[in-house]
Structures are given as C-alpha cells and as structure tokens.
Amino acid sequence: MSGEPHPTAVDQSLWQLVYASAASAGFELSDLEDILGVARVRNARDQISGLLLFEGQSFLQVLEGPRFRIDALMEKIRADARHVRAVLLLREPIEQRSFADWTMGYTRVALGELKDATGVNDFFADVSSFTDLDSTKVERVLQLFRSGSFRQRVS
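Below: a short report on this structure. (Residues numbered from 1 in each chain as written. Predicted model: local features only at pLDDT ≥ 70, side-chain atom pairs only at ≥ 80, totals over all residues. Heavy atoms only, no water.)

### Some thoughts on the sheet that holds strand 5 (residues 105-108)
No. 1: What the five strands build is an open sheet, ordered 4-1-3-2-5; its pairing is mixed. Here the strands that pair on one side only, and so sit at the sheet edges, are strand 4 (83-93) and strand 5. Neighbour-to-neighbour, the strand axes of the sheet open up by a mean angle of 15 degrees, direction not taken into account.
No. 2: Here strand 1 (residues 14-23) runs beside strand 3 (residues 58-66); their pairing, made up of nine bridges, is antiparallel. Each bridged residue has a counterpart across the sheet, and for Tyr-19 the counterpart in strand 3 is Gln-61.
No. 3: Sheet contacts for helix 3 (residues 67-79): strand 1, strand 3 and strand 4; angle to strand 3, the most-contacted strand, approximately 155 degrees. (Pairing = 2+ DSSP bridges. Helix = DSSP H or I, 4+ residues; strand = E, 2+ residues; numbered from the N terminus. Axes fitted to C-alpha atoms, helices over the stretch in contact; angles between N-to-C directions. Contact = heavy atoms within 4.5 Å.)

Below you can see the structure in the form of structure tokens.
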C-alpha cells in the first residue's frame, strides 16, 4: 500500500490555476530554458497543460489539470528559489482545457503589447508586471490567447 493519499473525485476534477511571480535576483535565460524543459516532461507525465508568459523579470503561468496535481505543482513553484512573490491570481474548476495542446506553451509578451491589443485599450495601463494583474485582467489575457490573438506565437 502506497504512503500517498488517494485523491478524491474533486481532487481529480479538472481545474485551472493562474499565478504570477517575479524572477529571483540573478535569474538568466538559461534558467528559463531549464524550467521549460523540466516542466514539459513532468507536465506530460502528470496530465498538466498550460502556458507560461515571461516579460522582463515577471512570470504569468496558467496550469490546467487534476486539482491535486496543480496544487502540488504550485507548492513546488512557491518553494523554487528562482521565483519570488508568487501570487495566486485565479483558481477554479473548468469544464475543458484552454491550452490542451501544450504541456507548457511558452512565449514572451511585452506588457506594452497587451496594452495595444485589439479590444484592450487602456485596460493594462496601470500594470507594470504580471504580479499587478487582478483576476479580471488575467481573464482578459487568457482570452487573448484562447481567441488566437497571441496563440500563434506560443512554442
């Protein structure tokens, strides 16, 4: 018998979690490459899909999958010395994945591009990093990717 608790039906249901964090001092692009490489392998294994945006020294990440898995992953991220000021922006059950094509899609999107995106106007005028986003603004960013506005740039 395994020492791990058995997840309940709610724990196994599909959830979406969005957080923002800042890169720690000394963070380099090679660190980002390491994060992406490990995340893609582990997320495929753990049935997690998602999207990672990186701007300056700021991360915005969407995780989708069984609740117990994304919650455990969020705890690992909070403990990762490469992230500081991790802020949970959104955590909710979902009917279907928005980013099922990617175990960890990645792109760089400048906040200025979000400010200039069609239909956004001044919506992001008061945002200087992803950690400044509230849940309404997070939903708008996700919609930009769902609708295809930035989706073609994701690798």
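### Things to note about the packing of aromatic side chains
Both the distance between ring centres and the angle between the ring planes are used here to describe each pair of aromatic rings.
No. 1: Tallied over the entire structure, the rule returns four aromatic pairs.
No. 2: An angle of 45 degrees between the planes, with centres 5.8 Å apart, marks the rings of Phe-27 and Phe-54 as tilted. With a gap of 27 residues between them, Phe-27 in the loop between strand 1 and helix 2 (29-46) and Phe-54 in strand 2 (residues 49-55) connect regions that are remote in the sequence. Grouping residues by exposure puts Phe-27 and Phe-54 together as buried.
No. 3: Put simply, the rings of Phe-27, Phe-54 and Phe-59 touch in pairs and so form one group of aromatic residues.
No. 4: Over the ring of Trp-15 we find Arg-67, and its NZ or CZ is 5.2 Å from the ring centre. (Phe/Tyr/Trp six-rings, centres within 6.5 Å; stacked < 30°, edge-to-face > 60°. Buried < 20%, exposed > 50% of the residue type's maximum accessible area, 1.4 Å probe, protein only. Lys NZ or Arg CZ within 6 Å of the ring centre and 35° of its normal.)

### A closer look at helix 2
No. 1: Compared with the 26 Å implied by 1.5 Å per residue over 18 residues, the 25 Å span of helix 2 between its first and last C-alpha is a close match.
No. 2: Those residues of helix 2 hidden inside the fold are in contact with strand 2, strand 3, helix 3, strand 4 and strand 5.
No. 3: Positioned one or two residues after helix 2, Gln-47 has a phi angle of 60 degrees, which is positive. (Expected span 1.5 Å × (residues − 1).)

### So, helix 3
No. 1: End to end, helix 3 covers 19 Å across 13 residues, agreeing with the expected 18 Å (1.5 Å per residue, within 8%).
No. 2: Buried residues of helix 3: Ile-70, Leu-73, Met-74 and Ile-77, and no others. Summarising the axial view, the buried residues of helix 3 lie within an arc of 105 degrees, below the 170-degree limit, and thus occupy one face. Facing away from the buried side of helix 3 by more than 90 degrees, the exposed set consists of Lys-76 and Ala-79.
No. 3: Taken together, the buried residues of helix 3 touch strand 1, helix 2, strand 3 and strand 4. (Arc of directions from axis to C-beta.)

### A few points about the nonpolar core
One recurring pattern in soluble globular proteins: nonpolar side chains tend to sit buried together.
No. 1: Counting 20 residues, the largest nonpolar core has Phe-27, Leu-32, Leu-52, Phe-59 and Leu-63 as its most contacted members.
No. 2: For this core, the secondary structure elements donating two or more residues are strand 1, helix 2, strand 2, strand 3 and helix 3.
No. 3: Apart from the residues lying within four places of it in its own chain, the contact partners of Leu-63 are Trp-15, Gln-16, Leu-17, Ile-48, Ser-49, Ile-70, Leu-73, Ile-77 and Met-104.
No. 4: Grouped together as the second largest cluster of nonpolar side chains are 15 residues, Leu-89, Phe-99, Trp-102 and Leu-142 included. (Core = buried A, V, L, I, M, F, W, Y, C linked by side-chain atoms within 4.5 Å.)

### Quick word on the environment of Ala-100
No. 1: Mapped onto the elements of the fold, Ala-100 is located in the loop between strand 4 and strand 5.
No. 2: Along the primary structure Ala-100 and Ser-49 are separated by 51 residues, whereas in three dimensions their C-alpha atoms are 5.6 Å apart.
No. 3: In contact with Ala-100, not counting residues within four places along its chain, are Ser-49 and Glu-64.

### Observations regarding the pattern of salt bridges
No. 1: Using the criterion set out here, one finds five salt bridges in the structure.
No. 2: For Arg-69, the salt bridge is made with Asp-46, and the minimal N-O distance between the two is 3.5 Å. In this pair, Arg-69 sits in helix 3 while Asp-46 sits in helix 2, placing the two residues 23 residues apart along the sequence.
No. 3: When its relative accessible area of 16% is taken as the criterion, Asp-46 is described as buried.
No. 4: Between Asp-71 and Arg-91 there is a salt bridge, with its nearest N and O atoms 2.7 Å apart. Remark: Arg-91 occurs in strand 4 and Asp-71 occurs in helix 3; sequence separation between them is 20 residues.
No. 5: The class of Arg-91 is partly exposed, set by a relative accessible area of 35%. (Salt bridge = Lys/Arg side-chain N within 4 Å of Asp/Glu carboxyl O.)

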